[in-house]
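# Structure assessment
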Amino acid sequence: MLNIRNLQAGIEGRKILKGINLEIKAGEVHAIMGPNGSGKSTLASTLAGKKSYEVLGGSVDFLGKDLLELSPEARAAEGLFLAFQYPIEIPGLSTTNFIKTAVNEVRKYHGKDPLDAVGFLRMMKEKMALMNIEQSLLSRPLNEGFSGGEKKRNEIFQMAMLEPKLAILDETDSGLDIDAIRIVSNGVNKLRNKDNAVLVVTHYQRLLDYIVPDFVHVLYNGRIVKSGTKELALELEERGYDFIKNEVNVEEGV
Amino acid sequence: MNPEVYKESQIDVDEGLSTIEKTVLTDYKYGFVSKFDADEAPKGLSEDIVRFISARKNEPEWMLEWRLKAYKQWCRMADDEPTWANLKYPPINYQNIIYYSAPKQKMNPKSLDEIDPELRRTFEKLGISMNEQKRLTGVAVDAVIDSISIGTSFKEQLGELGIIFCSMSEAIQEHPELIKKYLSSVVPTTDNYFAALNAAVFSDGSFCYIPKGVRCPMELSTYFRINAENTGQFERTLIVADEGSYVSYLEGCTAPMRDENQLHAAVVELIAMDNAEIKYSTVQNWYPGDKNGVGGIYNFVTKRGICQGVNSKISWTQVETGSAITWKYPSVILKGDNSTGEFYSVAVTNNHQQADTGTKMHHLGKNTKSRIVSKGISAGFSNNSYRGLVHVGKKASNARNFSQCDSLLLGDKCGAHTFPYIEVRNKTALVEHEATTSKIGEDQIFYCNQRGIDTETAVALIVNGFAKEVMNQLPMEFAVEAQKLLAISLEGSVG
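Residue indices follow the written sequence of each chain, beginning from 1 at its first position. The naming scheme follows written order: chains are lettered A onward, ligands numbered 1 onward. Selection of residues for local features in this predicted model requires a pLDDT of at least 70, selection of side-chain atom pairs for listing and counting requires 80 or more, and totals for whole chains, interfaces and linings are taken over all residues. Think of the side-chain values as coming from all heavy atoms in the structure, minus any hydrogens and water.

## Regarding the overall build of chain A
- Helical segments are the DSSP runs of H or I of at least four residues, strand segments are the runs of E of at least two, and each set is numbered from the N terminus. Along the backbone of chain A there are nine helices and ten strands.
- For a compact globule of 254 residues, the expected C-alpha radius of gyration is about 18 Å, and chain A comes in at 18 Å, within 12% of that figure.
- If you line up chain A on its principal axes, its C-alpha atoms span 65 × 40 × 35 Å.
- In what follows, a contact means two residues having at least one pair of non-hydrogen atoms within 4.5 Å. Taking contacts inside chain A between residues at least 6 apart in sequence as the whole, the part at least 24 apart equals 69%.
- For the accessible areas, the method is Shrake-Rupley and the probe is 1.4 Å, while residue cover comes only from the protein chains on display. Only carbon and sulfur atoms are counted for the fraction: they give 48% of the accessible area of chain A, which is about 11400 Å².
- Positive charge is attributed to Lys and Arg, negative charge to Asp and Glu, and no charge count is given to His or to the chain ends. Note that the charge is assigned to NZ on lysines, CZ on arginines, CG on aspartates and CD on glutamates. Across chain A, the 32 positively charged side chains and the 35 negatively charged ones have centroids separated by 3 Å. It is over C-alpha atoms that the radius of gyration is taken, and the globule rule equals 2.2 Å times the number of residues to the power 0.38.

Here you go:
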């Protein structure tokens, strides 16, 4: 589904990703872990096509298409979803209206007619039941005055509505208490199936207790320095990132 | 002057338009010109022209005298053309304007069916149906093209309730007692330069009178269309809501695309008696000029309402997207005790447009309240200013005002300015003013992009969210149109 080859990217002339290689297949859950500043969020933003991030080399194939050639909205329409670490507020714009516009823009991209009010409402009701989300949240202006937990639940609700092929969760657990983490993770797990994939970007292991990854990769200093299964996450939790740093530094002869 | 001195002009559509103009034309979808014969006055302004207009309209002597007096006052005000606004434009040559242009049609159509088909088509093209059956239910329309009203719908149904809704010309003929009593009672002919000009040469507009205790069952609206070349439009609207009555009124306006600037100088007067309420909404979409700032309407408008009676209420809502220059300050004189004035405004400027707009709230009565919500959106090279006055008089104990002025900037070549003036002469007054300025953030746009929404649509969503509090004040039938208009006005403003 996603094939990243030697991806290098940076911001404001500073190179942050120094050659990422990663392959994600349908049905898989991958986790990217790493200490602060290792490039985790840069990877998520670069894949989603944020303007301020500059691609300096490498390639990314997404479902047979050259991802890096697509506009951010086309990437989204092709099925790439980014759950933001800090969801953005748009004052005055109702969350429902925002989601309706998004759903219909994606339909337009695929040459489908927009959903009418009734069709959209039916879909929304169905997903609301699945995600345990209440109408009152969706009537409020997008993310404005939302608590941390509400923002993240709203992200996952949008994911449910857009039914992406690949969902990237960027530090979705940050700022959440354990109950909120459980709710959000449950939501993600309900959306998993054999045709889609999830890339969890996180600093802490605890989210991975709920969204159990098939593969764990450690990002350090712009490179994936270690890959393994979920046991690797537990080892990191126990030993901290220092042991990885030491290993890498020894290898590089620092 | 020989009343036969007029020329017949024929205006052709689409001829001599450059590719760029045609491209712009698609942006401003009301830029077309309709073809019909017009009865026009010669260019320029003089006492003869004032007489010409009055004669064309078969006006009674007292009306002509009123106009001539205004004309003389305007002549004396030659040095009083306002220069204090934050607007830049070359001097207007008042002798280079045609002050009267009327589409020729069968004299005095007896019913709407007799309206010239070409005129009817013009309004159909603008989305205004004069056919009462096809019309949106609950909206009566007075259609004004250039200098005259061509027809008013639902007159009979409204008449049954005692509501008068007709063109100003007709009101002068049919209801002289009301006109004599109320015309220029709120905006005196000497009020300002443009008001004096309007009084001298105004050619039509709408008149509404809502009798005591009547709640007008439908929206009343006037649609103003400038069609002829080199003409100015000077309409005058007067709405009187008698004791305990209610009316919601809406005006819309468009004009063809031309390289020359055209002048529009209107006067609107509202009068609300005891316990009466007037809600006045404007969707102003005059041609704004092209991307380089060539052409467009100069819009100099004086709008004022008086809450004459106790517990009365006047509410102005405006969505201003058009015009090269906008100069207007819909105001409320809160004379009656416990009366309320409101001003809700969205002003959008793009490319080289300039707007200096706001309101004046004069608190004179006791326990009077006013609320001002102004949302300015600037893009391109435009300049958008809010200018507002809150005045609390000596006797206005317990006056309350709340003002909120928010500006949204798109890009870094446009300007947003706020000029709030507060004059308080009574210690019990409470006046609050809040102002914010924000930019549409890259982060907001990226967030929308990441959900599959392209940048233009994202801007429209963000802007409509920003303006929502004002849009919510519009009658339902027009809110959707106004939302689309905001999006269209800002097309191409974010790269």
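## Some words on the overall build of chain B
- Counting secondary structure elements, chain B contains twelve helices and 24 strands.
- Burial status across chain B gives 62% buried among its 495 residues.
- A fraction of 83% describes how many contacts in chain B between residues 6 or more apart in sequence connect residues 24 or more apart.
- Of the roughly 19100 Å² of accessible surface on chain B, a fraction of 49% belongs to carbon and sulfur atoms. Think of it in three bands: residues with accessible area under 20% of the maximum for their type are buried, residues over 50% are exposed, and the middle band is partly exposed, with areas taken using a 1.4 Å probe on protein chains only.

## Things to note about the packing of aromatic side chains
Residues and elements named next belong to chain B.
- Only the six-membered ring of Trp is used, alongside the rings of Phe and Tyr, when aromatic pairs are assigned; centres must lie within 6.5 Å, and planes under 30 degrees apart are stacked while those over 60 apart are edge-to-face, with the rest tilted. Tallied over the full model, the rule gives 22 aromatic pairs over all chains.
- In this structure an aromatic cluster arises from ring pairing among Tyr71, Trp74, Trp84, Tyr89, Tyr94, Tyr193, Phe194, Tyr298, Phe300, Trp327 and Tyr329.
- Charges are assigned to positions over rings by a cutoff of 6 Å between ring centre and Lys NZ or Arg CZ, combined with an angular limit of 35 degrees from the ring normal. Directly above the aromatic system of Phe466 lies the positively charged group of Lys375, at a separation of 5.1 Å from the ring centroid.

## Quick look at the interface of chain B and chain A
- The partner chain A presents 30 residues to the 20 residues of chain B that form the contact.
- Interface of chain B and chain A: buried area, both sides summed, is about 2100 Å²; carbon and sulfur atoms make up 64% of it.
- On the chain B side of the interface with chain A, the three residues burying the most area are B:Phe446, B:Tyr447 and B:Arg451, jointly 36% of the side's total.
- For salt bridges, the criterion is a side-chain nitrogen of Lys or Arg within 4 Å of an Asp or Glu carboxyl oxygen. Where chain B touches chain A, the interface holds three salt bridges.
- A salt bridge links B:Asp443 to A:Lys50, with the nearest nitrogen and oxygen atoms 3.1 Å apart.
- In the analysis that follows, any N or O atom pair within 3.5 Å is treated as a polar contact, provided that within protein one partner can donate a hydrogen and the other can accept it, and provided that, for residues neighboring in sequence, both atoms belong to side chains. If you look at where chain B meets chain A, you find eleven residue pairs in polar contact (both at pLDDT 80 or more).
- Counting residues per element, the ones that place at least two in the side of chain B that touches chain A are helix 9 (442–449) and helix 10 (455–466) of chain B.
- If you tally residues by element for the side of chain B that touches chain A, the top one is helix 9 of chain B, at seven residues.
- Residue classes in the side of chain B that touches chain A are distributed as seven nonpolar, eight polar and five charged. Accessible surface is computed with a 1.4 Å probe, and the buried area is the amount of it that two parts give up when combined, taken over both parts together. Throughout this entry, Asp, Glu, Lys and Arg are counted as charged residues, while Ala, Val, Leu, Ile, Met, Phe, Trp, Tyr, Cys and Pro are counted as nonpolar. The remaining residues, Gly among them, count as polar.

## Structural notes on unusual backbone geometry
- The backbone phi angle of A:Asn6 is positive, close to 50°, even though this residue is not glycine.
- Considering the arrangement of structural elements, one finds A:Asn6 in strand 1 (residues 2–11).
- On the accessibility criterion, A:Asn6 (39% relative accessible area) is partly exposed.
- A positive phi is found at B:Asn351, a non-glycine position, where the angle reads about 50°.
- A residue is classified by how much of its surface remains accessible, and B:Asn351, at 24% relative accessible area, is partly exposed.

## Some words on the packing of helix 9 of chain B against helix 10 of chain B
Residues and elements named next belong to chain B.
- Axis definition: a line fit to C-alpha positions, over the contact stretch in the case of helices; interaxial angles, taken between N-to-C directions, run 0 to 180 degrees. As a packed pair, helix 9 and helix 10 sit with axes 9 Å apart at the nearest point and diverge in direction by 120°. For the element pair helix 9 and helix 10, the recorded crossing hand is right-handed. For the pair helix 9 and helix 10, the contacting residues are Gln444, Ile445, Cys448 and Asn449 in the first and Thr455, Ala458, Val459 and Ile462 in the second.
- Looking at the contact of helix 9 with helix 10, its residues break down into five nonpolar, three polar and no charged. A clockwise turn of the near helix away from the far one marks a right-handed crossing, whereas an anticlockwise turn of less than a right angle marks a left-handed crossing.

## Looking at the environment of B:Asn285
Residue and element names in this part refer to chain B.
- If you trace the backbone, Asn285 turns up in the loop between strand 13 (277–284) and strand 14 (296–307).
- Asn285 gets classed as buried once you look at its relative accessible area, which sits at 7%.
- Residues Asn285 and Leu161 lie 124 residues apart in sequence; the distance between their C-alpha atoms is 32 Å.
- Separated by 3.4 Å, the side chains of Asn285 and Thr321 make a polar contact.

## Notes on the state of the cysteines
Residues and elements named next belong to chain B.
- Note on disulfides: each one is a pair of cysteine sulfur atoms within 2.5 Å. Inspection of the entire model under this criterion finds zero disulfides over all chains.
- Cys208 supplies the cysteine sulfur nearest to Cys307, a cysteine that is in no disulfide, at a spacing of 16 Å.
- Its sulfur unpaired, Cys414 is 17 Å from the next cysteine sulfur, which belongs to Cys405.

## Side note on the nonpolar core
- A:Leu47 and A:Leu169 are the most contacted members of the largest nonpolar core, which has 109 residues in total.
- With sequence-adjacent residues up to four places away left out, A:Leu169 is seen in contact with A:Ala83, A:Ile156, A:Met159, A:Val188, A:Val198, A:Leu199, A:Val200, A:Val201 and A:Ile211.
- As used in this record, nonpolar core signifies buried Ala, Val, Leu, Ile, Met, Phe, Trp, Tyr and Cys residues forming a set joined through side-chain atoms within 4.5 Å. Formed by 57 residues, the second largest nonpolar core is a distinct cluster that contains B:Met63, B:Trp74, B:Ile179 and B:Ala265.

## Comments concerning the pattern of salt bridges
- Taken as a whole and assessed by the stated rule, the structure comprises 26 salt bridges over all chains.
- A:Glu163 is the partner of A:Lys127 in a salt bridge, and the nearest nitrogen-oxygen pair spans 2.7 Å. Separated by 36 residues along the polypeptide, A:Lys127 in helix 4 (residues 117–131) and A:Glu163 in the loop between helix 6 (148–162) and strand 7 (166–170) bring together distant segments of the chain.
- The class of A:Lys127 is buried, set by a relative accessible area of 8%.
- Given a relative accessible area of 53%, A:Glu163 falls into the exposed group.
- For the salt bridge of B:Lys413 with B:Asp412, the shortest nitrogen-to-oxygen distance reads 3.5 Å. Grouping residues by exposure puts B:Lys413 and B:Asp412 together as exposed.

## A short note on the pairing of strand 13 of chain B
All names here are of chain B.
- The element strand 13 is largely enclosed, with a buried count of seven among its eight residues.
- At least two bridges found by DSSP between two strands are what make those strands a pair. Across eight bridges, strand 10 (residues 246–254) lies against strand 13 in parallel orientation. The residue of strand 13 that forms the bridge with Cys253 is Gln284.
- Across eight bridges, strand 13 lies against strand 15 (residues 313–320) in parallel orientation. Bridge pairing links Tyr280 to Trp316 in strand 15.

## Describing helix 2 (residues 47–56) of chain B
Residues and elements named next belong to chain B.
- Restricting attention to buried positions, one finds in helix 2 the residues Ile49, Val50, Phe52, Ile53 and Ser54.
- Contact partners of the buried residues in helix 2: strand 2 (38–40), helix 3 (61–76) and helix 8 (193–201).
- Following helix 2 by one or two positions, Asn58 adopts a phi angle in the positive range, close to 55°.

## What to know about the sheet that holds strand 7 of chain A
Residues and elements named next belong to chain A.
- Spatial ordering of the open sheet is given by 6-7-8-3-9-10, a layout of six strands whose pairing is mixed. The open sheet has two free edges, formed respectively by strand 6 (80–83) and strand 10 (223–228), since each of these has just one partner strand. Looking at each pair of strands side by side, their axes are set apart by 20° on average, direction ignored.
- Across four bridges, the pairing between strand 6 and strand 7 is parallel. Bridge pairing links Leu80 to Leu166 in strand 7.
- The sheet strands contacting helix 8 (residues 230–239) are strand 3 (29–33), strand 9 (215–220) and strand 10, and the helix crosses strand 9 at an angle near 45°.

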